[in-house]
Amino acid sequence: MMDQSLPDKAATVQLFHTCLINEFYPEVGMAVVHILERLGIRVEVPLDQTCCGQPAYNSGFLEETKKVAVKNLEVLSSTEGAIIIPSGSCGDMIIHQYRILFAENPDLLKKVDKVSRRCYEFSQFLVDVLGITDLGARLKARGAYHPSCHLLRGLKIKDQPKILLENIAELEMVEFEDPEECCGFGGMFSIKNPEISGRMMDNKISNLQASKVDMVISCDMGCLMHLEGGLHRKGSQIRVRHLAQVLDSGVD
Amino acid sequence: MSHFSDRVDKALADDNLSEALKKATSQLVSRRSTAFSSLEDAENLRDIARNTKMKILHNLEDNLLKFEKSLQKNGSHVHWAKDAEEANNVVIEIAQKQAVKKIVKSKSMLSEEIHLNTALIKAGMQVVETDLGEYIVQLAGDKPSHIIAPIIHMTREDVGNLMHDRLSVPFSDEPEVLTRIARRKLRQEFLDADMGITGANFGVVETGSICLVTNEGNARMVTTLPKIHVVLIGIEKLVATFEDLNRFLKLLARSATGQKLSVYTSIIQGPGKGTETGPEEVHVVLVDNGRSGMLGGDLAESLACIRCGACLNVCPIYKNIGGHAYGDTYAGPIGSIITPGLRGLAQWHELPAASTLCGACKEVCPIRIDIPKMLLKLRQVTPPKVKASISLRMAIKCFAVIAGIPKVYKGFTAFGSRLLRFLGSKSWLTNNIPLLDRWTKVRDFKTPAKKSFQRMWQEKIAKDGK
Ligand code: SF4
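Starting from 1, residues in each chain are numbered consecutively following that chain's sequence as written. Labels are handed out in written order, letters beginning with A for the chains and numbers beginning with 1 for the ligands. Side-chain atom pairs in this predicted model are given and counted only at pLDDT of 80 or more, local residue features only at pLDDT of at least 70, and totals for whole chains, interfaces and linings cover all residues. Values reported for side chains reflect all heavy atoms of the structure, with hydrogen atoms and water molecules removed beforehand.

Novice: Explain the site of the ligand residue by residue, including any values.
Specialist: Being near a molecule or strand, for a residue, comes down to having at least one heavy atom within 4 Å of it. Neighbouring the ligand are the residues B:Cys305, B:Ile306, B:Arg307, B:Cys308, B:Gly309, B:Ala310, B:Cys311, B:Ile334, B:Cys365, B:Pro366, B:Ile369 and B:Ile371. Of the residues belonging to the shell around the ligand, the class tally is ten nonpolar, one polar and one charged. Each residue gets one of three labels, nonpolar for Ala, Val, Leu, Ile, Met, Phe, Trp, Tyr, Cys and Pro, charged for Asp, Glu, Lys and Arg, and polar for the others, Gly among them.

So, in structure tokens, the structure goes:
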């Protein structure tokens with residue numbers, strides 16, 4: 001696995017670590033770093049990166065979003081190599097929504113094009129760019145994969161995480177009801193409409209519980225933070241894990 | 001009308017409702033996907049349908065005038081109505097001219113949209129809904145809660161109880177028995193009626209035909225037995241030719257009920273001529289009621305909707321709160337666009353916000369209508385006054401400024417983290433604290449990590465001696 005020759009653009013990569021990982025789940029960021037470095041890739045973290053702007057964007061604050069996005073573009077533009085985003089949702093924002101955001105600004109659009117062409121969601125980068133499906137991880141657990149909506153329908157990343165998970169030794173991946181249904185997070189939706197969001201979360205959690213899983217694995221800390229909050233409230237033993245954490249298990 | 005959040009609370013508290021919804025929507029979803037898997041070249045068909053519809057909408061005025069000519073050639077009377085009031089008055093006038101007392105109706109969301117029944121009753125006429133679902137809704141003094149399955153919110157027991165109460169028949173929850181009772185009641189209504197009112201699924205420009213798609217066949221009675229037939233059709237419902245119609249029919253039935261074709265597809269082409277069966281007069285009312293205002297704008301795409309209801313069935317919000325919580329005629333994801341589009345955003349701004357933008361609706365829509373994109377658009381144009389609480393608006397504005405200056409951003413988030421950890425003292429916040437109370441209403445809040453990722457990263461670099 002380590003011998004796989006990497007495409008040039010993979011020699012050095014930039015990690016866009018997202019706000020949630022930076023503040024709440026730093027261990028996920030570190031897992032991403034471990035995995036990439038183990039593959040012989042040099043990881044850089046642009047320390048001036050800020051939020052992708054999605055919370056403001058999805059709440060309809062266009063001008064504010066533009067300010068944040070411009071800054072982010074500036075920071076990312078000044079770097080080189082592939083940009084790895086361990087979040088389907090932030091990935092979709094930068095790759096697809098920035099284009100819409102700056103549709104009427106040719107200069108910025110060019111910048112968006114250049115940056116977004118370098119962006120890859122984490123599992124997508126491993127499987128589609130590096131061609132890696134087995135990272136030699138080992139984890140004894142019953143896991144369920146929750147495909148987050150923006151990863152699945154925005155970035156159309158469906159199989160990559162599943163392939164990676166299938167190759168983890170001793171990890172038993174379990175089916176559960178309605179896996180592709182939204183968990184109810186939806187960014188600000190979870191705060192604006194807590195009752196509906198909570199009901200959607202309850203549905204997801206009871207489907208997971210019915211399948212008797214130990215952990216729910218996803219590529220988005222947004223969904224997972226929301227689900228973890230619900231699981232904690234209910235006193236459930238089910239843990240949440242980012243794909244990178246699972247792929248980083250049992251390798252050292 | 002009650003507030004959106006009250007309607008949501010009511011819906012979520014209703015166990016019967018959630019059970020009924022869950023069962024019915026999942027059935028419709030699985031039927032749809034089976035039906036589509038048997039359709040060759042489905043994706044291509046969706047593209048073509050979308051393109052033809054957008055083309056018609058682009059040139060709607062011309063197409064409407066052509067349609068009017070074709071209708072007249074077939075001997076139909078054409079009326080134009082710019083809003084609900086005009087539309088209702090046109091129908092009332094037609095009825096009064098012929099001294100109509102009793103009206104039978106079938107298949108029209110548009111008549112719901114313009115509150116036609118209320119207007120007719122007020123004008124002294126008797127109106128009977130004849131499609132089973134709508135008939136039950138009328139008996140209950142209720143409103144439909146789904147575009148194609150109006151009583152999706154009711155269980156069989158609900159319907160049985162209702163019929164037992166209102167029609168004094170023995171209780172049964174057998175669909176066959178209930179249908180038989182309704183049919184017997186309705187038979188006489190058809191014979192007594194002087195006028196029939198229907199909606200229209202499509203209007204064919206080239207031939208001036210009105211196409212009605214049903215599964216019960218009641219529309220056939222409504223359009224043929226009474227001496228006058230009035231068709232209410234939204235101005236967006238046009239297709240150019242029969243060939244186009246054929247494509248839309250394939251998509252509509254599959255998306256709506258998972259059938260290859262619905263049981264009845266009626267094409268109406270003017271009044272019955274001489275010995276033919278059919279009404280003596282056909283009136284077609286072309287209703288605008290806010291539609292032309294959406295043309296050419298950000299919501300124009302929503303006018304391509306063929307009202308199949310597929311987006312409702314896959315919507316995780318609709319599935320949990322049902323149609324009535326949306327508060328108006330059109331529910332679900334597409335309703336969250338059409339309702340503010342037709343009625344104005346000021347009163348309906350909660351609807352576009354009540355979505356996670358999960359994209360399931362767009363994925364399933366036979367016309368590939370980009371519903372999430374329009375929901376976002378509506379959030380952007382929501383009048384600032386109603387857009388968000390002052391605190392949220394200020395927070396987002398500050399956030400934009402802060403996030404634009406990396407140093408300040410870092411300092412701010414670090415401070416925020418410390419504050420939250422201080423408040424939490426442990427790693428979880430479980431009770432209501434300011435700004436987070438809407439989060440902790442339904443779930444606990446994990447406090448930020450002691451050390452941010454960037455800190456960890458910098459320590460690592462220092463250690464690695466990079
Ligand atoms: S928006 Fe699309 S899926 Fe929804 S009712 Fe209209 S045509 Fe059907």
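Having put the structure on the table, let's press on.
Novice: Residues and numbers for the interface of chain A and chain B, please.
Specialist: Residue contacts are counted whenever heavy atoms from the two residues lie within 4.5 Å of one another. Between chain A and chain B, the residue contacts involve 66 residues of the former and 62 residues of the latter. Overall, the association of chain A and chain B removes approximately 5900 Å² of surface from exposure, summing both partners, and the carbon and sulfur fraction of that is 63%. When a carboxyl oxygen of Asp or Glu is within 4 Å of a side-chain nitrogen of Lys or Arg, the pair counts as a salt bridge. Summed over the shared surface of chain A and chain B, the number is six salt bridges. Across the pair A:Glu195 and B:Lys441 runs a salt bridge, and its minimum N-O distance is 2.7 Å. Pairs of N or O atoms within 3.5 Å make up the polar contacts considered here, provided that, within protein, one atom can donate a hydrogen while the other can accept it, and that residues adjacent in sequence are counted only when both atoms are side-chain atoms. Here chain A and chain B share 27 residue pairs in polar contact (both at pLDDT 80 or more) between them. Among the elements that make up the side of chain A that touches chain B, the one with the highest residue count is helix H11 (residues 194-210) of chain A (nine residues). Partitioning the side of chain A that touches chain B into residue classes produces 30 nonpolar, 21 polar and 15 charged. Here the quantity called buried area is the accessible surface, traced with a 1.4 Å probe, that two parts lose on coming together, added over both. Helix and strand assignments follow DSSP, with helices taken as H or I runs no shorter than four residues and strands as E runs no shorter than two, numbered in order from the N terminus.

Novice: Report on the packing of H11(A) against helix H12 (residues 221-233) of chain A, specifying residues and quantitative values.
Specialist: Residues and elements named next belong to chain A. Remark: H11 packs on H12, axes separated minimally by 10 Å, with the N-to-C direction vectors making an angle of 75 degrees. As judged from the angle between their axes, H11 and H12 are roughly perpendicular. Contact residues: H11 offers Ser197, Met201, Lys204 and Ile205, while H12 offers His226, Leu227, Gly230 and Leu231. Residue classes in the contact of H11 with H12 are distributed as four nonpolar, three polar and one charged. The convention used is that axes are lines fitted to C-alpha atoms, helices contributing only their stretch in contact, and that angles between N-to-C directions extend from 0 to 180 degrees. Orientation labels follow simple angle bins: below 35 degrees gives roughly parallel, above 145 gives roughly antiparallel, 65 to 115 gives roughly perpendicular, and whatever is left gives oblique.

Novice: How would you explain the pairing of strand E3 (residues 82-85) of chain A if you had to name every residue and give the values?
Specialist: Residues and elements named next belong to chain A. Every second residue of E3 is oriented toward a common face, with Ala82 and Ile84 on one face and Ile83 and Ile85 on the other, all of them buried. Here, a strand pair is defined by DSSP locating no fewer than two bridges between the strands. Across three bridges, the pairing between strand E1 (residues 12-15) and E3 is parallel. Across the sheet, the residue bridging to Gln14 is Ile83, located in E3. Bridge analysis of E3 against strand E4 (residues 119-121) gives three bridges, and the strand direction is parallel. Considered in E4, the bridge of Ile84 is made with Tyr120. Burial classification: accessible surface area is computed with a 1.4 Å probe over protein chains only, and a residue below 20% of its type maximum counts as buried, one above 50% as exposed, and the rest as partly exposed.

Novice: For the side chain of B:Lys53, give the residues involved together with the corresponding values.
Specialist: Residues and elements named next belong to chain B. Mapped onto the elements, Lys53 comes out in helix H3 (residues 42-58). Glu236 provides the closest opposite charge to the buried, unpaired Lys53, separated from it by 7.1 Å. In this structure, Lys53 is in contact with Glu236, Lys237, Leu238, Phe248, Leu303 and Ala304, ignoring residues within four places of it in sequence. For the charge count, each Lys or Arg is scored as positive and each Asp or Glu as negative, with His and the chain ends excluded.

Novice: Give me the packing of aromatic side chains: which residues, what numbers.
Specialist: Each pair of aromatic rings taken from Phe, Tyr and Trp, with Trp reduced to its six-membered ring, is defined by centres within 6.5 Å and is described as stacked if the planes are under 30 degrees apart, edge-to-face if over 60, and tilted in the remaining cases. Taken as a whole and judged by the stated rule, the model has eight aromatic pairs over all chains. Judged by centre distance (5.7 Å) and plane angle (35 degrees), the rings of B:Phe202 and B:Phe248 are tilted. Separated by 46 residues along the polypeptide, B:Phe202 in strand E5 (residues 202-204) and B:Phe248 in helix H12 (residues 242-257) bring together distant segments of the chain. An identical accessibility class is assigned to B:Phe202 and B:Phe248; each is buried. For the ring pair B:Trp439 and B:Phe445, a centre distance of 6.2 Å and an interplane angle of 90 degrees mean the geometry is edge-to-face. Comparing B:Trp439 with B:Phe445, the two get one shared label, buried. Every member of this aromatic cluster is reached through a ring pair, and the members are A:Phe24, A:Phe185, B:Trp439 and B:Phe445. Ring-over charges, as used throughout, are those where CZ of Arg or NZ of Lys falls within 6 Å of the ring centre and within 35 degrees of the ring normal. Note that B:Arg32 overlies the ring of B:Phe36, its terminal NZ or CZ placed 4.3 Å from the centroid. Taking NZ or CZ as reference, B:Arg307 lies 4.6 Å from the ring centre of B:Tyr330, over its face.

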